[in-house]
Amino acid sequence: MTWGFSVWAVVQMRDSGAWQEIAAFAVAYLTGSPMVAEFTETEQCLLGCGEHLVGCSSLFTDGSWVWRRDLQHDVGRHGVMLPSEFVERIREFGWEPPVHTVEASVARLALQTAWQVD
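Just so it is clear, the model here is predicted, and its values are computed rather than measured.

**Student:** Residues and numbers for the overall build of the protein chain, please.
**Tutor:** When its secondary structure is counted, the protein chain shows five helices and five strands. Ordered by position from the N terminus, the helices and strands of the protein chain form the series α-α-β-β-β-β-β-α-α-α. Within the span of the protein chain, comprising 118 residues, buried residues form 36% of the whole. Restricting the contact set of the protein chain to residue pairs at least 6 apart, pairs at least 24 apart contribute 62%.

Okay, here's the thing in structure tokens:
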């Protein structure tokens, strides 16, 4: 299923307040997806709120996208918007993280791909 978000639609979504409704689902998805690398460092929020985030560089994946743990904070606390393609992927999974569908080998491949430089 394709939702076909455009950049303009995402900007309008944020301006209309619709992103705040979606953000809670996005944070749950980001938090509940499989972790592929865990780190235990503590860093202050890069967006300046002063909150100390534990394990902020730990990595999560849904098999296609890879993100750091602190993205959960950035979306939930600061209203950072995800790319429209990522939101589309989350919608395709029905807002539920693909915990049982992401195999360890797929997670490792996603992790390796995330660090490739073209």
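Back to the text.
**Student:** Requested: an account of the confidence of the model for the protein chain, with residues and values cited.
**Tutor:** Taken as a whole, the protein chain shows an average pLDDT of 78; of its residues, 71% reach a score of 70 or greater. Mean pLDDT across the elements of the protein chain bottoms out in helix α1 (residues 7-16) (45) and peaks in strand β3 (residues 52-54) (95). Low confidence marks residues 1-13, where pLDDT is under 50. Its contacts with residues over four positions away, or in another chain, come to 16 contacts.

**Student:** Mind laying out the packing of helix α2 (residues 18-32) against helix α3 (residues 70-78), listing which residues take part and the relevant values?
**Tutor:** At their nearest, the axes of α2 and α3 sit 9 Å apart, and the two run at 165° to each other. Considering the angle they form, α2 stands roughly antiparallel to α3. The chirality of how α2 crosses α3 is left-handed. Contacts between α2 and α3 involve Trp 19, Ala 23, Ala 26, Val 27, Leu 30 and Thr 31 from the first element and Leu 71, Gln 72, Val 75 and Gly 76 from the second. The class makeup of the residues in the contact of α2 with α3 is seven nonpolar, three polar and no charged.

Conventions we followed
- Residues numbered from 1 in each chain as written.
- Predicted model: local features only at pLDDT ≥ 70, side-chain atom pairs only at ≥ 80, totals over all residues.
- Heavy atoms only, no water.
- Helix = DSSP H or I, 4+ residues; strand = E, 2+ residues; numbered from the N terminus.
- Buried < 20%, exposed > 50% of the residue type's maximum accessible area, 1.4 Å probe, protein only.
- Contact = heavy atoms within 4.5 Å.
- pLDDT = per-residue confidence, 0-100.
- Axes fitted to C-alpha atoms, helices over the stretch in contact; angles between N-to-C directions.
- Parallel < 35°, antiparallel > 145°, perpendicular 65-115°, else oblique.
- Left-handed = near helix turned anticlockwise from the far one by under 90°.
- Nonpolar A, V, L, I, M, F, W, Y, C, P; charged D, E, K, R; others polar.

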